[in-house]
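For reference, the chains in residue letters:
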Amino acid sequence: MSQRVTRRQFLNYSLMGVGSFMAAGMILPMGRFALDPVFKADAQGDLIATGVKESELGKEPIKVDFKFEQEDAWYTSEVTEFAWVYKDGKDIVALSPVCKHLGCTVTWNGDDSNPNQFYCPCHNGRYEKNGKNIPGTPPLAPLDQYEVKVKDGIIQIGKKHENELAK
């Protein structure tokens, strides 16, 4: 006794199969897009050697350049950035030079009327030596801080994080 499939059942099975195939074709790429960052290796934790020796640091912040490779889609380029680095007792502090107001570059001792401060020339923003924003000036947050380590006497800079000294 064979079971016959009616024309209506055949069309129903066919449409369900094609619909499932099309739904899977749309959902799988969205799932991969959502989960891809979870499975990708995190390279932001890597430390970058600067070429500056720990013995060259003092209590005054100095400009320390560091280079890294940045990959934008199919284009890889070498990027040079810098940090303001100084010694605070036995600790080494590295601060981002990017003003938290509009992203201009801050300088150390850039304003003669306000010595020993970071100064943003764009809108007269000022920061204390530890990166804390000075009330009454445009920046609303302290300068970001970099992770810093010393390996074989050379300063290494890691990823940026919220300033812990300015609290």
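Residues numbered from 1 in each chain as written. Predicted model: local features only at pLDDT ≥ 70, side-chain atom pairs only at ≥ 80, totals over all residues. Heavy atoms only, no water.

Focus on the state of the cysteines
Spelled out, the test is: To count as a disulfide, a pair of cysteine sulfur atoms needs to be within 2.5 Å. Secondary structure counts use DSSP, requiring at least four H or I residues in a row for a helix and at least two E residues in a row for a strand, with both numbered from the N terminus. Summary of the burial criterion: residues with accessible area below 20% of their type's maximum are buried, those above 50% are exposed, and those between are partly exposed, where the area comes from a 1.4 Å probe applied to protein chains only.
Across all of its chains, the model carries 1 disulfide by this definition. Two residues share a disulfide in this structure: cysteine 104 and cysteine 122, whose sulfurs sit 2.1 Å from each other. Of note, the bridge from cysteine 104 to cysteine 122 carries an S-S torsion of about -110 degrees and is left-handed in sense. Pair noted here: cysteine 104 is in the loop between strand E4 (91-95) and strand E5 (107-108) and cysteine 122 is in the loop between strand E6 (118-120) and strand E7 (125-127), with a separation of 18 residues, a long-range link. Using a relative accessible area of 18% as the deciding quantity, one classes cysteine 104 as buried. The closest cysteine sulfur to the non-disulfide-bonded cysteine 99 is located on cysteine 120, 3.8 Å from its own sulfur.

Thoughts on the sheet that holds E6
The condition is simple: For two strands to pair, DSSP has to find at least two bridges joining them.
With antiparallel pairing, 3 strands are arranged side by side in an open sheet as E5-E6-E7. What marks the edges here is a single partner per strand, and that holds for E5 and E7. Summarising the sheet, E5 and E6 pair through 2 bridges and their orientation is antiparallel. Directly across from threonine 107, in E6, lies its bridge partner tyrosine 119.

As for the pattern of salt bridges
Filter applied, for reference: Any Lys or Arg side-chain nitrogen found within 4 Å of a carboxyl oxygen on Asp or Glu counts as a salt bridge.
Taken as a whole and assessed by the stated rule, the structure comprises 3 salt bridges. Between lysine 100 and aspartate 144 there is a salt bridge, and its shortest N-O distance comes to 3.2 Å. Of the two residues, lysine 100 is situated in the loop between E4 and E5 and aspartate 144 in the loop between E7 and strand E8 (145-151); the sequence distance between them amounts to 44 residues. Between glutamate 147 and lysine 149 there is a salt bridge; the shortest N-O distance is 3.8 Å. Note on glutamate 147: relative accessible area 23%, which makes it partly exposed.

Quick notes on the side chain of threonine 137
Selection criterion: Polar contacts, as used here, are pairs of N or O atoms within 3.5 Å; protein pairs need one atom able to donate a hydrogen and one able to accept it. Residues neighboring in sequence count only if both atoms are side-chain atoms.
Within the secondary structure layout, threonine 137 lies in the loop between E7 and E8. Accessibility expressed as a relative area gives 12% for threonine 137, which makes it buried. For threonine 137, the side chain forms a polar contact with the main-chain oxygen of isoleucine 134, separated by 2.6 Å.

Observations concerning the domain arrangement of the protein
Our working definition: For each domain, the first and last residues come from an automatic or database assignment.
We note that the domain assignment places domain 1 (1-42) and domain 2 (48-161) within the protein. Computed from C-alpha coordinates alone, the two centres of domain 1 and domain 2 are separated by 52 Å.

Some remarks on the environment of lysine 53
Formally: Pairs of residues are marked as contacts when any of their non-hydrogen atoms sit within 4.5 Å.
Residue position: lysine 53 is located in strand E1 (residues 48-53). Counting along the chain gives 98 residues from lysine 53 to lysine 151, while the straight-line C-alpha distance between them is 9.5 Å. Setting aside residues up to four positions removed in sequence, lysine 53 forms contacts with Gly153, Ile154 and Ile155.

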